[in-house]
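Descriptive structure summary
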Amino acid sequence: MQLVDYAGTGEGCVLCGTLAPFVSDEDFVAHYATHSPSELAFVLLHYKAVIQHALVVVDEPGGIRTERHMDEIIAAVDHTALRSPGRVVPRK
């Protein structure tokens, strides 16, 4: 098992947004190494915020009720990320 497809969902680069899913951890690391440190730092911060927010909601009564509810949690963090003074727009 590899981390790149740990949940069986496979993803491409979140910064480029157009790549096919990575097939190995090595491919993932080699590709992301082409991005700037500031791009990587911001995407890490963004994912960290999504995880933090989801963990807080999971711990509340009722937790995360549906997939749509999780999408709303992610959208709330995305909204904040778009307005962040630390936001880095990925080069394409």
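The structure under discussion appears in the preceding block.
Note that this is a predicted model, so its numbers are computed, not measured.

Quick look at the packing of helix H2 (residues 37–59) against helix H3 (residues 67–82)
- Close contact between H2 and H3 brings their axes to 10 Å; oriented N to C, the two are set at 140°. When the axes of H2 and H3 are compared, the pair comes out oblique. Remark: the crossing between H2 and H3 carries right-handed chirality. Every residue of H3 that contacts H2 at Phe42, His46, Ala49, Val50, His53, Ala54 and Val57 is listed here: His69, Met70, Ile73, Ile74, Ala76, Val77, Asp78 and Ala81.
- Within the contact of H2 with H3, the residues separate by chemical class into 11 nonpolar, 3 polar and 1 charged.

Concerning the environment of Met70
- Note that Met70 resides in helix H3.
- In this structure Met70 comes out as partly exposed when scored by relative accessible area, which is 23%.
- The spacing of Met70 and His53 is 17 residues in sequence and 10.0 Å in space, taken between C-alpha atoms.
- Every residue in contact with Met70, bar those within four places of it in the chain, is listed here: Val50, Ala54 and Ile64.

Calculation criteria
Think of each chain on its own: its residues are numbered from 1, step by step along the sequence as written. Local features in a predicted model are, by the rule used here, given only for residues with pLDDT of at least 70; side-chain atom pairs are given and counted only at 80 or more, and totals for whole chains, interfaces and linings are based on all residues. Only heavy atoms go into the side-chain values, all of them from the structure, while hydrogens and water stay out. Note on geometry: axes are lines fitted to C-alpha atoms, helical ones only across the stretch in contact, with angles between N-to-C directions running from 0 to 180 degrees. In this text, helices come from DSSP runs of H or I with a minimum length of four residues, and strands from runs of E with a minimum of two, each type numbered from the N-terminal end. When describing relative orientation, an angle under 35 degrees is termed roughly parallel and one over 145 degrees roughly antiparallel, while 65 to 115 degrees is termed roughly perpendicular and anything else oblique. Each helix crossing is assigned a hand: it is left-handed if the near helix lies turned anticlockwise from the far helix by less than a right angle, otherwise right-handed if that turn is clockwise. Only heavy atoms matter for contacts: two residues are in contact if any of them lie within 4.5 Å across the pair. Residue polarity follows a fixed list, in which Ala, Val, Leu, Ile, Met, Phe, Trp, Tyr, Cys and Pro are nonpolar, Asp, Glu, Lys and Arg are charged, and the others, Gly among them, are polar. A simple rule labels every residue: compare its accessible area, found with a 1.4 Å probe on the protein chains alone, to the largest value its type can have, and call it buried under 20%, exposed over 50%, or partly exposed in between.

Coordinates in, geometry out; function isn't part of it.
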